Amino acid sequence: MTALTNKDSRSTLKRIQSRLPPPLVALILAVLLFLIGGLLAPGFANVNQAVNIVRLAAFLGIIAAGQTLVIISGGEGIDLSVGALVTLGAILTYRITDGDEALILPALGVILLVGLLIGLLNGIGVALLRMPPLVITLGMAGVVTGLIYFVTRGQLIGDTPPAMGTLLSSALIGPIPGVVILWLLLGAGMWLLLERTQYGKQLFAVGINRTAARLSGVRVNLVVMLTYGLSGMLAAFGGFVLLGFTQTVFLNLGQPFLFPSIAAVVVGGTVLAGGKGSYWGTIAGALVLQVINSLLLALRVEEAFQLIILGVILLVLLTMYGRQRSVRQ
Amino acid sequence: MTSFRLTVEKAVKTYGGVTALADGNLDVQAGTVTALLGANGSGKSTLSKILTGVVSPNSGSITLNGAPMRFASPQAARQAGISAVYQELSLIPDLTVAENIWLAHEPLKNGFVSRTLMRQRTQSLLDLFAGLYNRHLTPDALITDLTPDERQLVEILKALSFDPRLIILDEATASLDGQQVNRLFELVTQWKANGMAIVMVSHRMEEIFRIADKASVLRNGRTVGERVIAETSERELVELMIEGAGALHRERAPLVDPANPVRLEVRGLKTSVLHGVDLTVRDGELLGLGGLQGQGQSDLLMALFGAIRSTGQMIVSGEARHFRHPRQAMAADVALVPGDRGSEGLLLIRSIFENLILPSWGSYGTPIRVARAREKGAVIAEELKMVMSSLDAPVNSLSGGNAQKVVIGKWLLRAPKLLLLNDPTKGIDVGAKAEFYSLLRQLRDRGTAILFYSSDDDELLGLCNRVLVMHDGRVSTELFGDRLTHEQLVSASMGTPS
Amino acid sequence: SAQDEQVFTVGISNSFVGSEWRTQMIQEIENVAAELSDDPELGVDIELVIESEDTDAAGQEQQIQNLVNRGVDAIIVNPGDAEALRLSLEDAAAAGVVVISVDQEIDGEGVVNVVIDQAEWARISARWLAEKLGGEGDIVLIEGFVGHPANTARMTGVEEVLAEYPGINVVGRESGMWDQATGQQVMSDFLASIPNIDGVWTQDGMASGVLQAIVTAAPEEFPLVTGEARASYVRLWESVLADNPDFTGIGVVNPPGIGASGLRVAVNLLLGNTIDEEQLAGPYGNTLYVPIPWVLLSEDFNYVNMDGEESLLPANFDEVLEEVAELPDSYTLDGILTAEEAAAYFVPAS
Amino acid sequence: MTTISAPKTRSPIGRTFSRNPFLLSLILLIIMIVINRALQDNMLEIGPLNGTLRTMMPAIFLAIGQTFVVIAGGVDLSVGSILSMTNAILAVMITQEATADQALVAILVALAAGLGAGALNGFGVTVLRLQPIVTTYATSFIFAGIALRILPEPGGRLPRDLTSFYRNPLQLSESFAIPLSLILITLLVIFWLVLSRTRFKQFLFATGGNADAAYTTGVRVSRVKFTTYLLSALFATLGALALTLGTGTGNPRAGELMTLPSVVAVVLGGTRLAGGQGNIIGSIIGVLILGLIGNIISFGDLDSWVRPLVDALIIIAALAIPGVIGLVRRLNQ
Ligand SMILES: Nc1ncnc2c1ncn2[C@@H]1O[C@H](COP(=O)(O)OP(=O)(O)OP(=O)(O)O)[C@@H](O)[C@H]1O
Ligand SMILES: Nc1ncnc2c1ncn2[C@@H]1O[C@H](COP(=O)(O)OP(=O)(O)OP(=O)(O)O)[C@@H](O)[C@H]1O
Ligand SMILES: [Mg+2]
Ligand SMILES: [Mg+2]
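Cut-off values and rules
Residues numbered from 1 in each chain as written. Chains lettered and ligands numbered in written order. Predicted model: local features only at pLDDT ≥ 70, side-chain atom pairs only at ≥ 80, totals over all residues. Heavy atoms only, no water. Pairing = 2+ DSSP bridges. Helix = DSSP H or I, 4+ residues; strand = E, 2+ residues; numbered from the N terminus. Core = buried A, V, L, I, M, F, W, Y, C linked by side-chain atoms within 4.5 Å. Buried < 20%, exposed > 50% of the residue type's maximum accessible area, 1.4 Å probe, protein only. Contact = heavy atoms within 4.5 Å. Buried area = accessible area lost by both parts, 1.4 Å probe. Salt bridge = Lys/Arg side-chain N within 4 Å of Asp/Glu carboxyl O. Polar contact = N/O pair within 3.5 Å; in protein donor to acceptor, adjacent residues only side chain to side chain. pLDDT = per-residue confidence, 0-100. Axes fitted to C-alpha atoms, helices over the stretch in contact; angles between N-to-C directions. Phe/Tyr/Trp six-rings, centres within 6.5 Å; stacked < 30°, edge-to-face > 60°. Lys NZ or Arg CZ within 6 Å of the ring centre and 35° of its normal. Near = heavy atom within 4 Å. Areas by Shrake-Rupley, 256 points an atom, 1.4 Å probe, with all protein chains shown as cover. Donors = N, O, S within 2.8 Å, 3.2 Å for Na, K, Ca; no water. Patch = residues over 30% accessible without salt bridge, like charges linked within 9 Å, V, L, I, M, F, W, Y side chains within 5 Å.

Looking now at the sheet that holds strand β14 (residues 275-282) of chain B. Two pairing modes exist for strands in a sheet, parallel and antiparallel, and in both the strands are linked by backbone hydrogen bonds. Residue and element names in this part refer to chain B. Reading across the sheet, the four strands line up as β14-β13-β16-β17 and stay open at both edges, with antiparallel pairing between neighbours. Two strands in the sheet have a free side with no partner beyond their single neighbour: β14 and β17 (319-320). Of the strand pairs in this sheet, strand β16 (residues 311-316) and β17 are connected by two bridges, and their pairing is antiparallel. Bridge assignment links I315 to a residue of β17, and that residue is A320.

What follows is about the nonpolar core. F452 of chain B together with I60 of chain D are the most contacted members of the largest nonpolar core, which totals 299 residues. Sort the elements by how many residues they give to this core and helix α11 (residues 220-246) of chain A lands first, with 15 residues. For I60 of chain D, the contacting residues outside a window of four places in its chain are I185, L188, I284, V287 and L288 of chain D. Listed in part, the 61 residues of the second largest apolar core include I124, I139, A260 and L337 of chain C.

With that settled, the discussion passes to the interface of chain A and chain D. Facing the 47 residues of chain A at the interface are 43 residues of chain D. When the two sides are added together, the surface that chain A and chain D hide from each other amounts to roughly 4,200 Å², 75% of it contributed by carbon and sulfur. Counting across the chain A and chain D interface gives three salt bridges. Where R153 of chain A meets D303 of chain D, a salt bridge forms, and the shortest distance between an N and an O atom there is 2.7 Å. Summed over the shared surface of chain A and chain D, the result is four residue pairs in polar contact (both at pLDDT 80 or more). Where the side of chain A that touches chain D is concerned, the elements lending two or more residues are α6 (133-152), α12 (258-267) and α14 (303-321) of chain A.

We now examine the confidence of the model for chain B. All names here are of chain B. Summing up the model confidence of chain B, the mean pLDDT is 89 and the portion of residues at 70 or higher is 95%. Across chain B, element-level confidence peaks in helix α3 (residues 97-101) with a mean pLDDT of 97 and bottoms out in helix α17 (residues 486-493) with 78. The ipTM for the predicted assembly is 0.90, set against a pTM of 0.92.

In this section: the sheet that holds strand β22 (residues 474-480) of chain B. Residue and element names in this part refer to chain B. Taken together, the six strands give an open sheet; going across it, the order is β18-β19-β20-β15-β21-β22, and neighbouring strands pair in mixed fashion. Only two strands of the sheet have a single partner each, and these edge strands are β18 (334-337) and β22. Taken over all neighbouring pairs, the strand axes of this sheet differ in orientation by 20 degrees on average, direction set aside. When β18 meets strand β19 (residues 418-422), the two strands line up parallel, connected through four bridges. For L336, the partnering residue across the bridge sits in β19 and is L420. Helix-sheet contacts for helix α9 (residues 297-304) involve β15 (286-290), β18, β19, β20 (449-453) and β21 (466-471), and the interaxial angle to β19 is about 150 degrees. Strands β21 and β22 of the sheet are contacted by α17, whose axis makes an angle of about 25 degrees with β21.

Before going further, it helps to spend a moment on the packing of aromatic side chains. Summed over the entire model, instances satisfying the criterion amount to 20 aromatic pairs over all chains. One aromatic cluster is present, formed by F222, Y233, W237, F247 and F317 of chain C through successive ring pairs. Here the basic side chain of R350 of chain B rests over the ring of F204 of chain A, its NZ or CZ set 4.0 Å away from the ring centre. The aromatic ring of W121 of chain C is capped on one face by R154 of chain C, whose charged end is 4.0 Å from the ring centroid.

Take the site of ligand 1 next. Around ligand 1, a shell composed of R130, R210, T211, R214, V218, R219, V220 and N221 of chain A together with H325 and R327 of chain B is seen. With respect to ligand 1, the chains having nearby residues are chains A and B. Contact distances for ligand 1 include 2.8 Å between an oxygen atom and a backbone N or O atom of N221 of chain A. Bound to the protein, ligand 1 loses 65% of the 610 Å² it would expose on its own. Of all the secondary structure elements, the ones that give two or more residues to the shell around ligand 1 are α10 (210-215) and α11 of chain A. The element that contributes the greatest number of residues to the shell around ligand 1 is α10 of chain A, accounting for three residues.

Residues and elements named next belong to chain B. Only S45 (OG) and Q87 (OE1) from the protein reach the magnesium ion (ligand 4) as donors, at distances of 1.9 to 2.0 Å. Taken together, the positions of S45 in helix α1 (residues 44-51) and Q87 in the loop between β6 (82-85) and α3 put the pair 42 residues apart, joining distant regions of the chain. Note on S45: relative accessible area 17%, which makes it buried. Owing to a relative accessible area of 27%, Q87 belongs among the partly exposed residues under this scheme.

Together, L20, L24, L27, I28, L32, I36, L39, L40 and L299 of chain A give the surface a local cluster of nonpolar side chains, amounting to about 760 Å² of exposed area. Judged by relative accessible area, which is 73%, L39 of chain A ranks as exposed.

This part is about the pattern of salt bridges. Counted by the stated rule, this structure contains 46 salt bridges over all chains. Between D140 of chain B and R119 of chain B there is a salt bridge, and its shortest N-O distance comes to 2.9 Å. Within this pair, whereas D140 of chain B is found in the loop between α4 (115-127) and α5 (148-161), its partner R119 of chain B is found in helix α4, the two being separated by 21 residues in sequence. Residue R119 of chain B is classed as partly exposed on the basis of its relative accessible area, which comes to 35%. Here E228 of chain C makes a salt bridge to R230 of chain C, at a shortest N to O gap of 2.8 Å. Judged on exposure class, the residue E228 of chain C and its partner R230 of chain C are both buried.

Written out as structure tokens, the structure reads:
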């Protein structure tokens with residue numbers, strides 16, 4: 001007689017991962033990479049660079065906030081309209097304020113509203129028309145970009161209120177730029193939203209099991225639509241913040257942030273299947289990506305290898321969190 | 001046909017916290033029907049799946065005709081001539097009946113799948129049940145378009161299509177009607193005569209005694225004995241299945257005081273499945289719902305809870321209501337414990353705490369006062385004697401019984417006035433069942449109106465003083481007082497009103 | 001326009017919309033087309049068919065085909081991938097369409113390239129930077145798309161110049177993707193990780209980003225930066241002067257008007273004039289080089305090209321500042337071939 | 001225990017449509033063709049037709065590969081990068097003087113590289129059990145990097161006779177010529193029709209429809225999934241071949257903008273993104289629709305600043321049609 005052996009023996013990787021929550025893994029990784037950078041590229045690991053990395057990460061992190069919510073909402077949730085909405089947010093702020101500081105807040109109000117509305121359209125497509133998020137949001141990105149072209153006809157008139165630069169981009173408290181503080185505030189806000197509101201709790205429920213959520217009184221469709229709405233709003237806000245950094249706008253300002261925004265969320269350990277994740281994770285993810293970026297740059301690695309290394313690092317991190325169950329029980 | 005003998009010894013299978021099978025043994029040979037008995041969750045399906053190579057046991061051994069065997073995959077088991085009718089069925093919704101039956105062994109004609117052959121062979125298989133299914137069940141029908149009993153038939157024919165030497169029927173009769181069951185048993189007798197080995201899992205004693213030669217009994221994952229049917233009694237088997245069946249004390253409630261206010265009154269409730277249901281439940285009443293699986297009991301409960309669309313009259317707490325969403329039902333103090341823990345009741349990867357509070361987050365304000373919510377959670381966990389490492393442990397680390405306690409607990413936290421229970425004791429062990437029964441009694445005595453569907457007749461008999469037997473989307477019979485007997489229940493279930 | 005006028009349909013193919021430079025290029029084409037159509041002497045009427053969208057090689061190939069299928073007389077193309085369009089443009093030319101490639105040179109039979117000398121364009125600012133640094137110091141280079149022909153040409157130009165200044169060492173080189181935000185990020189990184197940068201060579205819109213980054217980081221002593229020639233930069237430059245009075249820069253004009261210049265050449269060809277072979281140059285011998293119109297400077301600069309020829313580039317910052325006052329940030333300082341300059345490329349009609 | 005779903009009594013038409021969702025796309029395509037023909041009278045003449053179809057071929061190959069992955073319940077976001085990589089290989093190896101043999105070797109190398117890429121994706125999804133979307137997203141960087149490594153700048157020239165053979169219509173007789181791409185498309189359709197009569201097709205749909213049930217029934221689910229990634233990479237490589245022959249050169253970023261449209265085309269073709277249902281004929285139609293929308297807009301003489309908007313709106317509308325039908329049906333219940 002042959003004894004049957006147990007198939008699912010837990011790997012060491014899994015054990016490590018079960019001890020350390022992904023956001024922590026990502027954060028540790030970020031710090032490690034930063035220190036390694038110090039060894040490989042003398043002068044890399046200094047305060048300036050640290051501040052600089054955090055500042056750059058902040059823009060990505062803020063832009064990735066909505067993406068985090070959408071991915072948590074499950075059902076192959078993903079928002080590809082983020083890039084276009086960032087551009088829209090920046091362009092609107094640029095045009096509305098036209099350099100006038102008094103108009104900053106009104107402009108902010110407008111872009112948040114516009115972002116929300118466009119996001120809600122995505123939500124309706126997903127929840128009511130049951131369109132795959134990937135497709136509807138991609139289409140919406142096209143529409144938003146199209147609108148920008150149509151309205152501006154490529155003429156970007158306007159100006160940036162100087163205050164936005166000083167408040168957001170340049171050093172505000174000590175060496176720390178305003179955007180970093182804003183980022184921390186947003187982080188706290190996101191934590192409250194996800195962990196301390198009914199919406200947040202229901203979002204996780206919807207992300208894991210829509211039937212169970214519905215049978216517990218959750219208005220699944222409502223939550224889904226709201227989530228895409230918030231994502232649109234936060235993306236537009238990201239554009240507003242980014243304007244403080246670039247001071248001027250251009251037609252594809254936001255596009256470079258789209259896929260990194262997804263990467264940041266995933267690297268932060270938020271599960272693409274939905275129902276599990278945190279914005280702290282996304283924050284850590286944004287830091288990791290930015291450190292990698294700056295490090296590869298400091299090491300003067302050629303673009304080809306930058307891409308390859310980024311891909312490999314992503315794969316390794318995913319293997320640490322992203323396992324699915326096997327068909328064989 | 002060559003002789004066939006398969007034995008399993010000391011099979012063990014655990015899923016995280018849950019031990020599905022602690023010591024599973026089975027001995028089957030050609031030309032005999034072996035009944036695999038046991039309470040819900042005793043490990044019958046798990047043992048079956050080990051035989052078909054779907055589940056890989058943590059330990060244990062399988063011997064086929066004296067030689068050690070190791071089923072590393074379903075294919076391997078298939079090679080050995082083993083196929084099964086799975087309790088949860090193994091059909092692909094968007095493929096046709098023929099494609100499903102012949103999946104992975106499609107008839108080929110010079111290398112290509114021959115649809116004509118597939119159709120013909122499917123038809124001849126369907127003919128085995130000629131006249132016992134709707135005409136829209138054709139080889140080209142999609143599984144999604146079939147009713148549960150038709151799906152069950154397809155699953156049976158699928159298992160048969162491999163012309164196996166051992167066929168396992170895991171609750172294959174669950175959603176079949178009387179005639180279909182009779183036909184199936186005729187076939188089983190034929191197979192037996194042709195030297196096929198049959199393993200049969202069923203909760204229906206009369207079926208066991210009609211068809212089985214011997215019975216192997218599981219209790220809480222352990223094989224506790226084997227009996228030759230001719231030499232045993234239903235009572236003996238039940239005692240094997242449920243340790244101290246007597247001790248599992250169930251006192252039937254007295255008839256509810258007709259003075260109690262009517263909590264729920266339903267007139268002509270219709271859904272795609274229900275063809276007009278009438279019923280009344282009073283406060284402090286524990287009303288049973290019986291009948292074969294899939295006769296509309298779940299639809300009824302789901303409709304009452306506003307989870308599926310329905311038409312008809314519905315009066316809750318004296319007001320005419322029509323719930324379009326569970327939210328609205330909840331607002332009217334209605335609660336539903338759904339049938340399938342995993343897919344309808346729980347957020348498996350989230351914590352016990354979050355699962356308990358999910359329906360009631362709204363009542364803890366914004367920002368949520370988590371401390372208070374935790375207290376409540378802890379209290380209910382205490383009350384239900386949940387066995388857990390901590391409130392923050394993920395639900396999927398719990399055993400079936402405790403997981404079910406979470407599903408019930410999250411509704412008790414809302415102190416419902418009308419409690420809808422959809423086969424709540426499925427897959428939970430005897431101890432947990434006993435606790436659950438006394439919990440039901442407490443609730444009932446506190447005046448909660450309870451509508452209780454169970455696929456386990458004994459439960460209904462033991463707990464309820466009035467049982468509505470459902471058949472084909474209608475309440476076919478109402479049993480109470482001394483008409484509430486096992487025989488009546490069974491005959492009513494089979495759709496033969498008496 | 002009158003009946004007896006010759007009507008020419010001219011197709012424009014542009015594969016990148018997300019850039020104001022391209023927008024301006026198309027506008028200038030439209031302006032010049034109108035101007036030519038209104039010119040009674042010329043007696044032509046030009047109808048433009050504009051194919052302009054963000055797309056890849058396949059998409060632009062489809063643009064070209066659609067234009068040919070419409071039966072246009074001429075195509076002015078700013079190719080996204082010059083090599084990939086080669087065959088389609090040759091087919092078009094073979095089908096009798098006048099094909100002008102602007103901004104980038106294409107090695108295609110029957111194709112005429114109308115471009116500025118990208119290498120020379122880069123040399124001017126590189127030379128300026130080197131001279132300003134007195135041939136000494138650490139500099140960083142922030143380039144456009146690595147592998148894009150124009151970028152390659154420019155960087156070769158820069159390397160040629162720097163080769164003459166052993167005292168200057170390049171301590172950092174990275175792509176800013178021809179995108180202001182990326183340029184700004186890259187510069188922020190350099191400033192943070194490289195102790196004291198004496199100078200930065202960069203191009204186009206990235207320059208605004210670079211300067212932005214420097215202003216934000218506010219280092220002890222301000223590095224020298226090669227600039228660009230957009231209204232936004234002229235203003236930024238002025239604002240920087242507020243805190244750093246001795247700040248200076250250079251903006252070598254890369255004219256969006258190149259498209260319009262291309263149109264003038266196209267019309268000449270449509271009117272049956274033949275190009276003076278003498279004028280054709282470039283790696284493929286089918287290029288008309290348009291002179292670099294002018295250079296934005298706040299101090300006179302005596303430019304010496306690779307052949308040692310000297311030319312004095314005058315300071316003009318203040319006038320330009322006046323000029324652009326009314327123009328949008330995105331406006332790029334420009335220059336278009338005049339009718340005469342265009343005619344000079346052709347064999348005089350005797 | 002499952003709640004009963006009543007037998008759906010569908011009209012024969014509704015039934016046909018719900019079973020072959022690509023019929024809807026087919027109707028859409030016909031409408032597009034009519035409109036386009038109305039705006040461009042030489043649309044169906046050999047020259048224009050040849051050119052239009054030729055430029056769509058790479059996208060068609062990508063969409064077909066994508067379809068296999070999607071039907072099996074995954075998605076492949078690396079097809080564009082694989083195309084870039086193999087396009088680079090082909091452009092570097094097939095020089096202007098290349099002999100037939102050298103060209104053949106180049107193609108084999110490209111195929112090997114492509115399949116290698118597919119194997120990496122398959123490994124990530126089946127062995128490491130990672131989410132398909134993130135796995136292929138991550139690997140797409142790797143392949144894009146390799147592409148840049150092989151061919152730092154756009155370039156390379158193929159032998160002219162090779163390119164002109166591919167670019168020009170196939171002259172079958174003095175009077176009769178046919179676009180090569182039309183032949184290729186026909187072959188691809190035949191390929192699908194043949195494939196749909198194999199066991200693999202059954203396994204493919206079973207895996208996407210319900211992986212657990214398929215496994216239980218004896219389908220080697222992991223093997224099937226792995227194969228789909230190989231197929232998608234294979235077709236990406238064929239797409240690269242089409243692109244290389246069409247443009248006669250290579251570009252390390254050629255595929256950058258091609259990945260997401262391939263998914264859109266698949267969905268437009270009526271394949272369910274959740275898996276278990278679909279058809280490569282639909283995906284071919286999807287690509288044609290996307291292409292024709294572009295042409296219609298271009299011949300519609302719209303102001304060029306409106307075009308991107310109109311383009312996007314039409315695409316969204318087309319994508320929304322099934323959803324709207326579904327919503328109406330649900331509301332009528
Ligand atoms: N198992 C599931 N898988 C995917 N989506 C689901 C599932 N269960 C529910 N849903 C989604 O949830 C929706 C129902 O949730 P919701 O709470 O919104 O109910 P509703 O019928 O839309 O009522 P309301 O109008 O109040 O939202 C369904 O329409 C479906 O979109
Ligand atoms: N995949 C799984 N993951 C976790 N627990 C499981 C799994 N499958 C079964 N179990 C648990 O193992 C125990 C035995 O399950 P099994 O299905 O074998 O019981 P059963 O005798 O077939 O019950 P029933 O009569 O309801 O079919 C139950 O407690 C069940 O909850
Ligand atoms: Mg809803
Ligand atoms: Mg079972």
